[in-house]
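Listed here are the chains, written in short residue letters.
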Amino acid sequence: MLVPVVSALVAGIALVALGGQAVRGARTVDVQLAPHAVHDAAVDDAFYACIGTQAHSLVRPGQAVTLGGTDLADVVTMIKGFGSWVTVADPPSGADVTLTLHDGTAGPGTCRGTTVVATTRSPDGRTVVRVGSGAQVSGQGPPPAPPL
Amino acid sequence: MSTVVATLAGICALGAAGLLPVLATVGPRWYAVPLAPLAGAVAASLAATASLTFGGALLDWFIGIAVLGAGAVFALLVVRPDLGLRADAPRRTGRAVDRVAGAAGFLVVVVACAWSLRGLQTPTVGFDARALWVMRPGWFLHSHAQLLVDLRARDLVLTQSAYPPLLSASVAVAWKITGIHTARLGVTMVAVLDACALAAAALAVVQAGRTVAVRVARAWVPLLTGIAAAALLVVVAAGSTEPFLTNGYADPLWSLAAVGAVAFGLQLRSDPSTRAAAVILVLVAGMSKNEGFVTAVALVVLVAARSVGVAGLRGARDRLVTPLVLAVCELAALAWWPVLMKAIHARGASSTFSASQDLAHRTDAVVHGLSPYLHVLVLALPLAVLGGLVLRGVRRRVEVGNDLWAWLALGTGLVAVASALVTGSGAIGPWLLSTAHRITEYPALEGWWIVGIWAVVAVAGLAAPAGPAAHDAVTVGDPAAAGVGVDTPAVDDLVGADR
């Protein structure tokens, strides 16, 4: 007699709990479709696409690059923007180009106020600084941080 | 080419690489379908590791490994035709309801998985995904010399680039064959692989229902319960793993693969097909992330222990050798990447563990930080205790593995993650805030799978046992050839509580 009763109890509790949690789970997934989530994702995509395009305008294929600057956040932003395709130099002193980010430059031609800047040394020893081009995203400051 | 088409092409490439080995080892079962791309992802991971070890292009190694796998299958069929697909397929007769339930369960799980991926409509690329998981594929397409630089250069700062390669290698294969190198394609590839692991783990519950149905008079009750529980578990898992299920993170993949490995390797009746499924899922978990690696090593040991059982320990040579050889091969495959990272002095390959000055404080913080995500244990534990005390006879009769195996698997995964947090050198507060949700996915999901399996077992307790005629009608011929019940006498030997 005990086995059928406990069986019914265990099966009932398990299925009801699974059903309840499934309803919660479905709502959690639906949150991803909210307008603000879509907007934030679009801004994030546009920002990093802009950073990547500007870097492409500054680096020729095969050129060895080092990521300059002392701001860890900027280095991470560069890795996210163009880390997958850039040819990193090791040691850094062997790089043809040093890429850095200049933040807070509001105005056209920037990625929400950020621009990619390339520093190279010309054959005659002069330092040449160029600013990335080819893309811009309006607004100011980094895109909304996605969930960690 | 659109991202959708490119994703399909990438998944088909992985599936083609994994299809024959999966069919040869798992057999023509419904759960072989999601396992094929996952086996292809394992091939991509091995290709990336081989490429880094020996040089050569990733795609060349990927194709080579796929051809090698297919060749091994054909060689096996020639040398040992008795192990071939026909012999491995269960010849089920007289139970059309079982075949219909298998197909219906597969369709329900696929639809539930597809619906659970609706978060992909939002084109989110997660922070870690953009910084690592779908950035690193580009490195795997670089030259060998440049790949070494990418992994070693100190000014690239991110230490996580030494993480196991399965996700990035799979995305690299898709990038290479489609020519589309976008983070978005990376995210969709990872999401579909997540769905494959989720489908495999859910189909294990459908399979549990089918196994139980053999042993009871009213077969449709456990069959329907298995399908319903599987569908609900898919939705539960999607909710637990979002937003990471659809934003390119590695945590859902290793967690879901580990849950599937436990289901096939420790919860279902042990047979060659389920053991093969467990091997594939263990490799996926261990090659996806460091936490998955630690958990996978524990699962390899547990599955081997279950296969060996008391009979193996008492000296039954055939019960001892095969599981141990298989376990050693799995561990070797899993260890290849981390050993290589040490050997090349990759950034982040050195240990981050330190003898913390304040273990008590860190332990307290970890317990409080992880607890909110593990509320399922408050349900699963008493349910398992009640079931274990009253329904263990039913569980043994329907040949579902002893529940203690699943709890051991859950516990080892949880302890591994908690130990890393307690003994790590990072500031514990921010670490927990940024990772607690993700690193508890495996134990939380395992808790829900334990609940789901108990639901299937419990309905068997409501039904009268099947007569001998009903049982005989299901599987005819040599049990070993049918791939079922080969070693059921030792299923629970190690724990022994059921016997």
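Residues numbered from 1 in each chain as written. Chains lettered and ligands numbered in written order. Predicted model: local features only at pLDDT ≥ 70, side-chain atom pairs only at ≥ 80, totals over all residues.

Colleague: Please explain the overall build of chain A as it appears in this structure.
Modeller: Assigned secondary structure in chain A consists of three helices and five strands. For chain A, the sequential pattern of α-helices and β-strands runs α-α-β-α-β-β-β-β. Taken over C-alpha atoms, the radius of gyration comes to 25 Å for chain A, far larger than the 15 Å a tight globule of 148 residues would show. Put simply, chain A has 148 residues, and 35% of those count as buried. (Helix = DSSP H or I, 4+ residues; strand = E, 2+ residues; numbered from the N terminus. Rg over C-alpha atoms; globule rule 2.2 N^0.38 Å. Buried ≥ 20, exposed ≤ 12 C-beta atoms within 10 Å, placed from the backbone.)

Colleague: How do you make sense of the overall build of chain B when you look at a structure like this?
Modeller: Assigned secondary structure in chain B consists of 23 helices and zero strands. Per-residue burial for chain B yields a buried fraction of 59% across its 499 residues. Within chain B, residue pairs in contact and separated by at least 24 positions form 82% of the contacts whose partners lie at least 6 positions apart. (Contact = placed C-beta atoms within 7 Å.)

Colleague: I'm lost on the sheet that holds strand E1 (residues 64-67) of chain A in this one. Help?
Modeller: Strands belonging to one sheet form pairs held by backbone hydrogen bonds; the direction of such a pair is parallel or antiparallel. What the five strands build is an open sheet, ordered E2-E1-E3-E4-E5 (chain A); its pairing is mixed. The open sheet has two edge strands with one neighbour each: strand E2 (87-88) and strand E5 (127-131) of chain A. (Pairing = 2+ DSSP bridges.)

Colleague: So what exactly am I meant to see when it comes to the environment of B:Val294 here?
Modeller: Note on placement: B:Val294 falls in helix H14 (residues 290-313). Separated by 123 residues in the primary sequence, B:Val294 and B:Val417 place their C-alpha atoms 8.5 Å from one another.

Colleague: Just to check I follow, could you spell out the pairing of E1(A) for this structure?
Modeller: It is a general feature of regular strands that their side chains alternate between the two faces of the sheet. Residue and element names in this part refer to chain A. For E1 and E2, the ladder comprises two bridges, and the chain directions are parallel. Within E2, the residue paired with alanine 64 across the bridge is threonine 87. Read from E1 through helix H3 (residues 72-82) to E2, the crossover connection turns out right-handed. One ladder, built from three bridges, connects E1 with strand E3 (residues 97-102); its direction is parallel. Across the sheet, residue leucine 67 finds its bridge partner in E3, namely leucine 99. (Right-handed = clockwise from strand over helix to strand, strands pointing away.)

Colleague: What is the right way to read unusual backbone geometry from this model?
Modeller: A negative phi holds for most residues other than glycine; trans holds for most peptide bonds. Between A:Asp90 and A:Pro91 the backbone carries a cis peptide bond, its omega angle lying at 10°. By secondary structure assignment, the location of A:Pro91 is in the loop between E2 and E3. The linkage connecting B:Glu242 with the following residue, B:Pro243, adopts the cis geometry, with an omega of 5°. The backbone of B:His345 shows a phi angle near 55°, a positive value even though the residue is not glycine. Relative to the elements of secondary structure, B:His345 occurs in the loop between helix H15 (317-343) and helix H16 (359-370). Even without glycine at this site, B:Glu399 takes up a positive phi of about 60°.

Colleague: Any chance you could explain the environment of B:Cys12 here in plain terms?
Modeller: Residue and element names in this part refer to chain B. Within the secondary structure layout, cysteine 12 lies in helix H1 (residues 3-25). Cysteine 12 sits in the partly exposed class, given 16 other C-beta atoms within 10 Å. Measuring from C-alpha to C-alpha, the distance between cysteine 12 and alanine 343 comes to 34 Å, with 331 residues separating the pair along the chain.

Colleague: What am I meant to see in the confidence of the model for chain B here?
Modeller: Close inspection of predicted coordinates is inappropriate for parts of the model with low pLDDT. All names here are of chain B. Per-residue confidence for chain B gives a mean pLDDT of 87; residues scoring 70 or more make up 88%. Scored below 50 in pLDDT, residues 469-499 shows 71 contacts in the model against residues more than four places distant or in partner chains. Both scores are given for the predicted complex: the pTM is 0.91, the ipTM 0.93. (pLDDT = per-residue confidence, 0-100.)

Colleague: I would appreciate a short explanation of the environment of B:Arg275 in the present structure.
Modeller: Residues and elements named next belong to chain B. Residue position: arginine 275 is located in helix H13 (residues 272-286). Look at arginine 275 and you get buried, because 23 C-beta atoms sit within 10 Å. For the pair arginine 275 and alanine 261, spaced 14 residues apart in sequence, the C-alpha to C-alpha distance is 8.7 Å. Setting aside anything within four residues of it in sequence, one finds arginine 275 in contact with Gly265, Ser270 and Ser307.

Colleague: Just to check I follow, could you spell out the packing of H1(B) against helix H2 (residues 32-54) of chain B for this structure?
Modeller: Packed helix pairs are characterised by how far apart their axes lie and by the angle those axes make with each other. All names here are of chain B. Where H1 contacts H2, the axes come no closer than 6 Å and their chain directions differ by 105°. Compared by their axis directions, H1 and H2 come out roughly perpendicular. Judged by residue contacts, Ile11, Ala13, Leu14, Gly15, Ala16, Ala17, Gly18, Leu19, Pro21, Val22 and Leu23 of H1 engage Ala32, Leu35, Ala36, Pro37, Leu38, Ala39, Gly40, Ala41, Ala43 and Ala44 from H2. Of the residues that constitute the contact of H1 with H2, the class distribution is 18 nonpolar, three polar and no charged. (Axes fitted to C-alpha atoms, helices over the stretch in contact; angles between N-to-C directions. Parallel < 35°, antiparallel > 145°, perpendicular 65-115°, else oblique. Nonpolar A, V, L, I, M, F, W, Y, C, P; charged D, E, K, R; others polar.)

Colleague: Hey, could you run me through the interface of chain A and chain B in this one?
Modeller: One widely used convention gives an interface's size as the accessible area the parts lose upon coming together. In this complex, chain A contributes 48 residues to the contact, which on the side of chain B involves 55 residues. Only helix H1 (2-31), helix H2 (35-56), E1, H3 and E2 of chain A provide two or more residues apiece to the side of chain A that touches chain B. When the residues that make up the side of chain A that touches chain B are grouped by side-chain class, the tally is 33 nonpolar, ten polar and five charged.

Colleague: Please explain the nonpolar core as it appears in this structure.
Modeller: One recurring pattern in soluble globular proteins is that nonpolar side chains are buried together. Residue and element names in this part refer to chain B. The biggest cluster of nonpolar side chains holds 214 residues, and the ones touching the most others in it are Ala197, Ala200, Leu233, Val234, Ile280, Leu281 and Val284. Considering every element that reaches this core, the biggest residue donor is helix H10 (residues 183-214), with 24 residues. Here alanine 200 is in contact with Tyr31, Pro34, Leu35, Leu38, Gly260, Ala277 and Leu281, once residues within four sequence places are set aside. (Core = buried A, V, L, I, M, F, W, Y, C linked by C-beta atoms within 7 Å.)

Colleague: It is not clear to me how the packing of helix H3 (residues 58-79) of chain B against helix H9 (residues 166-178) of chain B should be interpreted in this structure. Could you clarify?
Modeller: All names here are of chain B. Remark: H3 packs on H9, axes separated minimally by 10 Å, with the N-to-C direction vectors making an angle of 105°. Looking at the two axes, H3 sits roughly perpendicular to H9. Only Ala169, Ala172, Val173 and Lys176 of H9 make contact with H3, whose side of the interface consists of Leu58, Leu59 and Phe62. Grouping the amino acids of the contact of H3 with H9 by side-chain chemistry returns six nonpolar, no polar and one charged.

Colleague: I keep staring at the pairing of strand E4 (residues 115-121) of chain A and nothing clicks. Help me out?
Modeller: All names here are of chain A. As judged from the five bridges shared by E3 and E4, these two strands associate in the antiparallel manner. The residue bridging leucine 99 from the neighbouring strand is alanine 118, located in E4. Relative to E5, E4 runs antiparallel, the two sharing five bridges. Residue pairing in the sheet places threonine 120 in a bridge with valine 128 of E5. Linkage of E4 to E5, two consecutive antiparallel strands, is achieved through a turn of five residues, within which glycine 125 is found at a positive phi near 90°.

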